Amino acid sequence: MKIAISSDHGGNNLRKEIIALLEELGISYEDFGPKTSDSVDYPDYALPVANGVASGQFDRGILICGTGIGMSITANKVKGVRCALVHDVFSAKATRCHNDSNVLAMGARVIGPGLAREIVQTWLSTDFEGGRHERRINKISEIEAQEQ
């Protein structure tokens, strides 16, 4: 599995914590920054991750900003991305089982590093259930196709 990860300035410290977790788990990743804590615009950092996942260059993506909201809105503008904003372990599991989410967004001002690590571990280790959920994912893809 290869992960794309990014944040804005508000998520910088939590992104570093999640990168340490990925390294502990032996999961390959590419860090899209930012390199400093200077204020940046979250769309500039969400888009490379979303495009990388949509193109198949990465299996999944992780985005972190202050609330996770801006990152998730931006990522979900990219065709083929199913970004879930998650702040609890139950939702992390459910979004993989039912929605086959391929990008995870979290808010560094909403949750702490311990919970974030648990969310990421759950999200990375949970498989999509398929079945009736596959039909629903296909309907999302049909909606995306109509938007062109």
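One can find the structure itself at the top, above this paragraph.
None of the values given here were measured: they were computed from a predicted structure.

## Some remarks on the side chain of Thr 95
Among the structural elements, Thr 95 can be located in helix H4 (residues 89-99). In contact with Thr 95, other than residues within four places in its own chain, are Ala 84, Val 86, Asp 100, Ser 101 and Trp 123.

## So, the nonpolar core
Core analysis: the biggest nonpolar cluster contains 21 residues, and Ile 18, Ile 62, Leu 104, Met 106, Ile 119, Val 120 and Leu 124 have the highest contact counts within it. Mapped by element, the contributors of at least two residues to this core are strand S1 (2-7), helix H1 (12-25), strand S3 (60-65), strand S5 (103-107) and helix H5 (113-125). Tyr 45, Phe 58, Cys 65 and Val 103 belong to the second-largest nonpolar core, a separate cluster that totals 17 residues.

## Some remarks on H5
In an α-helix, one turn spans 3.6 residues; hence positions three or four apart end up facing the same way. Over its 13 residues, H5 runs 18 Å from end to end, which matches the ideal 18 Å to within 8%, given 1.5 Å per residue. Buried within H5 are the following residues: Ala 116, Arg 117, Ile 119, Val 120, Thr 122, Trp 123 and Leu 124. Where H5 is buried, its residues contact S1, H1, S3, H4 and S5.

## Overview of the packing of aromatic side chains
Counted according to the given criterion, the structure contains 1 aromatic pair. Consider the rings of Phe 32 and Phe 58, whose centres lie 5.7 Å apart with planes at 80°: the pair is edge-to-face. Residue Phe 32 is found in the loop between strand S2 (28-31) and helix H2 (42-55), and its partner Phe 58 is found in the loop between H2 and S3; the two are separated by 26 residues along the sequence. Note that Arg 60 overlies the ring of Trp 123, its terminal NZ or CZ placed 5.0 Å from the centroid.

## Overview of a positive patch on the surface
A contiguous patch of positive charge, built from Arg 132, Arg 135, Arg 136 and Lys 139, is present on the exposed surface. Along the chain, Arg 136 falls in helix H6 (residues 132-146). In this structure Arg 136 comes out as partly exposed when scored by relative accessible area, which is 40%.

Here is what the cut-offs are and how they apply
- Residues numbered from 1 in each chain as written.
- Predicted model: local features only at pLDDT ≥ 70, side-chain atom pairs only at ≥ 80, totals over all residues.
- Heavy atoms only, no water.
- Helix = DSSP H or I, 4+ residues; strand = E, 2+ residues; numbered from the N terminus.
- Contact = heavy atoms within 4.5 Å.
- Core = buried A, V, L, I, M, F, W, Y, C linked by side-chain atoms within 4.5 Å.
- Buried < 20%, exposed > 50% of the residue type's maximum accessible area, 1.4 Å probe, protein only.
- Expected span 1.5 Å × (residues − 1).
- Phe/Tyr/Trp six-rings, centres within 6.5 Å; stacked < 30°, edge-to-face > 60°.
- Lys NZ or Arg CZ within 6 Å of the ring centre and 35° of its normal.
- Patch = residues over 30% accessible without salt bridge, like charges linked within 9 Å, V, L, I, M, F, W, Y side chains within 5 Å.
- Areas by Shrake-Rupley, 256 points an atom, 1.4 Å probe, with all protein chains shown as cover.
- Salt bridge = Lys/Arg side-chain N within 4 Å of Asp/Glu carboxyl O.
- Lys, Arg positive; Asp, Glu negative; His and termini not counted.
- Charge placed at Lys NZ, Arg CZ, Asp CG, Glu CD.

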